[in-house]
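# Residue-level structure breakdown
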Amino acid sequence: MAIDSWLEKEKPRHLSELFELLRIPSVSTDAAHAGDMQRAAEYVRGRFESAGLQARVCPTGGHDAVYAEWCKAPGAPTVLVYGHYDVQPPDPVELWRNPPFEPTVEGDSETGNIVARGATDDKGQFYCHVKGVEAHLATSGSLPVNVKFLIEGEEEIGSPNLRPFLEASKELLAADIVVVSDTSMFAPGRPSITVGLRGLAYMEVTVTGPSHDLHSGLFGGAVMNPINALAQMIASLHDDQGRVAVAGFYDTVRELSEAERAEYRALAHDDEAFRRELGIDEDSGEVGYSIHERVSARPTLDCNGIIGGYTGPGAKTVLPSVARSKISCRLVPDQDPDEVTALVSKHLLAAAPAGVTVEVEAHHGARPFLVDRSVPAIQAARAAMTRVWGAETVFTRGGGSIPVVGDFKDVLGLDTVLMGLGLKDDRLHSPNEKFGLENFYEGIRASAYLFEELGRRG
Ligand code: BES
Ligand code: MN
Ligand code: MN
């Protein structure tokens, strides 16, 4: 087939273009990288243009988004592809085998891995669609569907400016379906469509005791230590069954149906491999649910960071004035991030011992997502993935969050197909993040086939 042989021939160029993007440290959370954010957006815009699309960089109030389109197929459906060019900070940098923004191929040139920050999340994955579109335009001068791209620069900080951008750009972004590749396949060689994502409620709690740090010998025993208080409060957030002990937390949680649980069992998640990969000998969590259910269809609460007192080398005897913690909840339908934030705040305030004051600040949130798998475009994506990998495409739910996906439905009225091209062990947000070369090349083919399938089905 023309597209297949063209893709084969273009592999080295596709890889070197992705490498160039991976060399730009587009860390959205760090103001020191503002210039790199602009360079990355401009680079992406340029690649769209050279692929034959019209593209521009759009201000959003925060980091720019890149918009591109090819809309020359009147009567054919319109696909909006979403992705993000921003990445998480590379820390801790010393744990990388190679510098995070100097992409390398580890292993064989066909089956090895691209290692760099952003390799799978999300530069490598969204770039598959840029090249999937290009494959059609380069081999036939046309596409079976209209395509629009929205590649943003603030996903990793919660997409704070994207909803207003969608609201102001309804006409520009009008489409029939959204396609996102920013999740993972169920397992190598087992393609999957992600039909659910968890939501997020992220907050920061500050516990304040005495007005200044104190000598722990002169004052210890008479003053409530904010770190002790915080530890006590955090410990009260779970019960001994691994459930979140916040009143009302589960009130709006949709229970898994027997059919859904049977589907989880049929997927046969490899629990042993899961533990081995993470270097733990016991998994832990809510009693009564499997690992796979717990990381994708059940809500959780986790402490993401804890700050307080003396953390330098050696020992310093000090009774600190302040302690802080970052706490996140992963949410499932029909939990609401604002409501959960309010419930957890209330719990923390009530759990505080005498002698400290507690403040809870809300950070970003995301609503949980669940799509009906009968959506025709999901069936098209399933067919495209099965053609590429020669294996049945399964449906799974992802444990992470993509804040804008809920807004696509609310603001633009669009369903989203989450066509994950990465793997679960890609180490996203961790040192030595990777994206398989096979995932990259097959992902491009899956994208090209997807446009074909969508065009054929109308
Ligand atoms: N691509 C991930 C989300 C993801 C990964 C979902 C794998 C399902 C499977 C995304 O870039 C991400 O990291 N999201 C953040 C959202 C937050 C910063 C608002 C998350 O889930 O922590
Ligand atoms: Mn991502
Ligand atoms: Mn991410």
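Residues numbered from 1 in each chain as written. Chains lettered and ligands numbered in written order. Predicted model: local features only at pLDDT ≥ 70, side-chain atom pairs only at ≥ 80, totals over all residues. Heavy atoms only, no water.

The next subject is the state of the cysteines. For the coordinates displayed, the defined rule picks out 0 disulfides. Looking at C329, it has no disulfide partner, and the nearest cysteine sulfur is the one in C303, 11 Å off. (Disulfide = S-S within 2.5 Å.)

This brings us to the coordination of the manganese ion (ligand 3). Ligation of the manganese ion (ligand 3) by protein atoms is provided by D121 (OD), E156 (OE), E156 (OE) and H429 (NE2), these donors lying 2.1 to 2.5 Å from the ion. One can describe the site at the manganese ion (ligand 3) as irregular: its 6 donor atoms subtend angles covering 55 to 156° at the metal. Along the chain, the residues that donate to the manganese ion (ligand 3) are spaced as D-x34-E-x272-H. (Donors = N, O, S within 2.8 Å, 3.2 Å for Na, K, Ca; no water. Tetrahedral: all angles 85-135°; square planar, octahedral: opposite > 155°, others 65-115°.)

This part covers the site of ligand 1. Near ligand 1 lie 16 residues; those nearest to it are E155, D182, R330, S401 and H429. The separation between an oxygen atom of ligand 1 and a polar side-chain atom of E156 is 3.1 Å. R330 is positioned such that a nitrogen or oxygen atom in its side chain is 2.8 Å from an oxygen atom of ligand 1. Expressed as a share of its isolated accessible area of 530 Å², the protein-covered part of ligand 1 is 90%. Here the shell around ligand 1 is built from residues that sort into 4 nonpolar, 7 polar and 5 charged. Summarising the domain contributions, the shell around ligand 1 has at least three residues from each of domain 1 (2-197 + 368-457) and domain 2 (199-253 + 299-365). (Near = heavy atom within 4 Å. Polar contact = N/O pair within 3.5 Å; in protein donor to acceptor, adjacent residues only side chain to side chain. Areas by Shrake-Rupley, 256 points an atom, 1.4 Å probe, with all protein chains shown as cover. Nonpolar A, V, L, I, M, F, W, Y, C, P; charged D, E, K, R; others polar. Domains from an automatic or database assignment.)

The next point concerns the coordination of the manganese ion (ligand 2). The protein atoms that coordinate the manganese ion (ligand 2) are H84 (NE2), D121 (OD), D182 (OD) and D182 (OD), at distances of 2.0 to 2.4 Å. One can describe the donor arrangement at the manganese ion (ligand 2) as irregular, given that its 6 donor atoms subtend angles of 57 to 165° at the metal. Spacing between the donor residues of the manganese ion (ligand 2) along their common chain follows H-x36-D-x60-D. Taken as an interatomic distance, the gap from the manganese ion (ligand 2) to the manganese ion (ligand 3) is 3.6 Å; D121 donates to each of them.

Ordered by their spatial adjacency, 4 strands build an open sheet running β10-β11-β9-β12, and the pairing between neighbours is antiparallel. Strands at the two margins of the open sheet, each flanked by one partner only, are β10 (300-308) and β12 (357-366). Each adjacent strand pair in this sheet contributes to an overall mean axis angle of 20°, direction not counted. The pairing of strand β9 (residues 199-208) with β12 spans 8 bridges and is classified as antiparallel. Across the sheet, the residue bridging to V205 is V360, located in β12. Of the strands in this sheet, β9, β10, β11 (322-331) and β12 touch helix α10 (residues 337-351), which is tilted by about 25° from β9. (Pairing = 2+ DSSP bridges. Helix = DSSP H or I, 4+ residues; strand = E, 2+ residues; numbered from the N terminus. Axes fitted to C-alpha atoms, helices over the stretch in contact; angles between N-to-C directions. Contact = heavy atoms within 4.5 Å.)

Attention now moves to the sheet that holds strand β5 (residues 113-115). The 3 strands lie next to each other as β4-β5-β16, forming an open sheet whose pairing is antiparallel. Only two strands of the sheet have a single partner each, and these edge strands are β4 (104-106) and β16 (434-436). Averaged over all adjacent pairs, the angle separating strand axes in this sheet is 30°, with direction ignored. Where helix α1 (residues 2-22) meets the sheet, it contacts β4 and β5, and its direction lies at approximately 25° from that of β5. Running over the sheet, helix α3 (residues 119-140) touches β5 and β16 and is turned about 35° from β16.

All right, on to the packing of aromatic side chains then. Enumeration over the complete set of coordinates arrives at 6 aromatic pairs. Ring geometry for F249 and Y250: centres 5.2 Å apart, planes at 80°, overall edge-to-face. Overall, Y250 belongs to the buried group, its relative accessible area being 15%. A cation over an aromatic ring shows up here: K11 above the ring of Y441, its NZ or CZ 4.8 Å from the ring centre. (Phe/Tyr/Trp six-rings, centres within 6.5 Å; stacked < 30°, edge-to-face > 60°. Buried < 20%, exposed > 50% of the residue type's maximum accessible area, 1.4 Å probe, protein only. Lys NZ or Arg CZ within 6 Å of the ring centre and 35° of its normal.)

It is worth spelling out the domain arrangement of the protein chain at this point. Structurally, the protein chain comprises domain 1 (2-197 + 368-457) and domain 2 (199-253 + 299-365). Carbon and sulfur atoms make up 58% of the surface buried where domain 1 meets domain 2, a total of about 640 Å² over both sides. Connecting domain 1 to domain 2 are 0 salt bridges. Run the count over domain 1 and domain 2 and you get 3 residue pairs in polar contact (both at pLDDT 80 or more). Within the side of domain 1 that touches domain 2, the residues separate by chemical class into 5 nonpolar, 4 polar and 1 charged. (Buried area = accessible area lost by both parts, 1.4 Å probe. Salt bridge = Lys/Arg side-chain N within 4 Å of Asp/Glu carboxyl O.)

Within the secondary structure, H292 sits in helix α9 (residues 291-294). Setting aside its immediate chain neighbours within four residues, H292 contacts F186, Y264, L267, H269 and K424.

Before going further, it helps to examine the packing of α1 against α3. The contact between α1 and α3 brings their axes to 10 Å, and the two run at 140°. Of the possible angle classes, the one that applies to α1 and α3 is oblique. For the crossing formed where α1 meets α3, the hand is right-handed. Residue-level contacts link A2, I3, W6, L7, R13, H14, E17, L18, L21 and L22 of α1 to A119, K123, G124, F126, Y127, K131, E134, A135, H136, A138 and T139 of α3. (Parallel < 35°, antiparallel > 145°, perpendicular 65-115°, else oblique. Left-handed = near helix turned anticlockwise from the far one by under 90°.)

All right, on to the nonpolar core then. In this structure, F48, L53, I114, V147, F149 and F440 are the most contacted members of the largest nonpolar core, which totals 94 residues. What L53 contacts, discounting residues up to four positions off in sequence, is F48, A68, E69, W70, V133, L137, V147 and F149. F249, V253, I327 and L331 belong to the second largest nonpolar core, which has 25 residues in total. (Core = buried A, V, L, I, M, F, W, Y, C linked by side-chain atoms within 4.5 Å.)

Another aspect to go through is the pairing of strand β14 (residues 394-398). For β14, the buried fraction is high: 5 of the 5 residues fall into the buried class. Of the two faces of β14, the one carrying V394, T396 and G398 and the one carrying F395 and R397 are both buried. Sheet analysis places strand β8 (residues 192-197) next to β14, joined by 5 bridges and oriented parallel. Bridging from a neighbouring strand, G196 pairs with R397 of β14.

Mapped onto the elements of the fold, I307 is located in strand β10. Taking relative accessible area as the criterion, I307 reaches 46% and is therefore assigned partly exposed. Counting along the chain gives 118 residues from I307 to G189, while the straight-line C-alpha distance between them is 42 Å. Discounting chain neighbours no more than four positions away, the residues touching I307 are A323, R324 and K326.

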